Amino acid sequence: MIVDLLWTAVILLLGLKLIATMILLPRPRAERLADRQGVWLWWATKITPILAVPCMIAIAWIENDRGGLWVYPLLMVFVLVAVPVMVWRRFGRTA
């Protein structure tokens, strides 16, 4: 039961990321953060992987999935490096 809830959370979080990305990409780069909706969508694309990957690690741990226990932590390291870099690229230049 807990595994089903975790998978549901992963699917919803990554689905939110996909939808937010699809809404933001057609906008011109200068207009992506022009309004409040754009800011929320941009942050949704950054925060959702940080929340989804630990759920995937927990699922692999509960199911004793050795492959997942190798791959998902590596994915988490990537996310923990890539997200701050993207935030810095967006806001570090203007500050």
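Shown above is the structure to which this text applies.
Right, let's walk through the structure included here. (Residues numbered from 1 in each chain as written. Predicted model: local features only at pLDDT ≥ 70, side-chain atom pairs only at ≥ 80, totals over all residues. Heavy atoms only, no water.)

On the secondary structure map, Ile57 appears in helix α2 (residues 36-62). Separated by 48 residues in the primary sequence, Ile57 and Ala9 have C-alpha atoms spaced 13 Å apart. (Helix = DSSP H or I, 4+ residues; strand = E, 2+ residues; numbered from the N terminus.)

By secondary structure assignment, the location of Val53 is in helix α2. Owing to a relative accessible area of 4%, Val53 belongs among the buried residues under this scheme. Distance in space between the C-alpha atoms of Val53 and Val77 is 9.8 Å, their sequence separation being 24 residues. (Buried < 20%, exposed > 50% of the residue type's maximum accessible area, 1.4 Å probe, protein only.)

Let's shift gears to a nonpolar patch on the surface. Taken together, the side chains of Met1, Ile2, Leu5, Trp61, Ile62 and Leu69 define a hydrophobic patch exposed on the protein surface, amounting to about 700 Å² of accessible area. Elements that contribute at least two residues to the nonpolar patch include exactly α1 (2-24) and α2. Within the secondary structure layout, Leu5 lies in helix α1. (Patch = residues over 30% accessible without salt bridge, like charges linked within 9 Å, V, L, I, M, F, W, Y side chains within 5 Å. Areas by Shrake-Rupley, 256 points an atom, 1.4 Å probe, with all protein chains shown as cover. Salt bridge = Lys/Arg side-chain N within 4 Å of Asp/Glu carboxyl O.)

Attention now moves to the side chain of Arg32. Tracing the chain through its elements places Arg32 in the loop between α1 and α2. Buried within the structure, Arg32 lacks any salt-bridge partner; Glu31 is the closest side chain of opposite charge, at an N-O distance of 9.1 Å. Within polar-contact distance, the side chain of Arg32 engages the backbone oxygen of Leu24 at 3.3 Å. Side-chain polar atoms of Arg32 contact the backbone oxygen of Arg27, separated by 3.3 Å. Residues contacting Arg32, with those up to four places away along its chain left out, are Leu24, Leu25, Arg27, Gly38 and Val39. (Lys, Arg positive; Asp, Glu negative; His and termini not counted. Polar contact = N/O pair within 3.5 Å; in protein donor to acceptor, adjacent residues only side chain to side chain. Contact = heavy atoms within 4.5 Å.)

Orientation of α2 relative to helix α3 (residues 66-92), taken along the N-to-C sense of each, is 165°, at an axis distance of 9 Å. In terms of orientation, α2 and α3 fall into the roughly antiparallel class. As for how α2 packs across α3, the hand of that crossing is left-handed. Within the contact between the two elements, α2 uses Trp42, Trp43, Lys46, Pro49, Ile50, Val53, Pro54, Met56, Ile57, Ala60 and Trp61 and α3 uses Gly68, Leu69, Tyr72, Pro73, Leu75, Met76, Val79, Val83, Met86, Val87, Arg90 and Phe91. Across the contact of α2 with α3, the residue classes tally to 20 nonpolar, one polar and two charged. (Axes fitted to C-alpha atoms, helices over the stretch in contact; angles between N-to-C directions. Parallel < 35°, antiparallel > 145°, perpendicular 65-115°, else oblique. Left-handed = near helix turned anticlockwise from the far one by under 90°. Nonpolar A, V, L, I, M, F, W, Y, C, P; charged D, E, K, R; others polar.)

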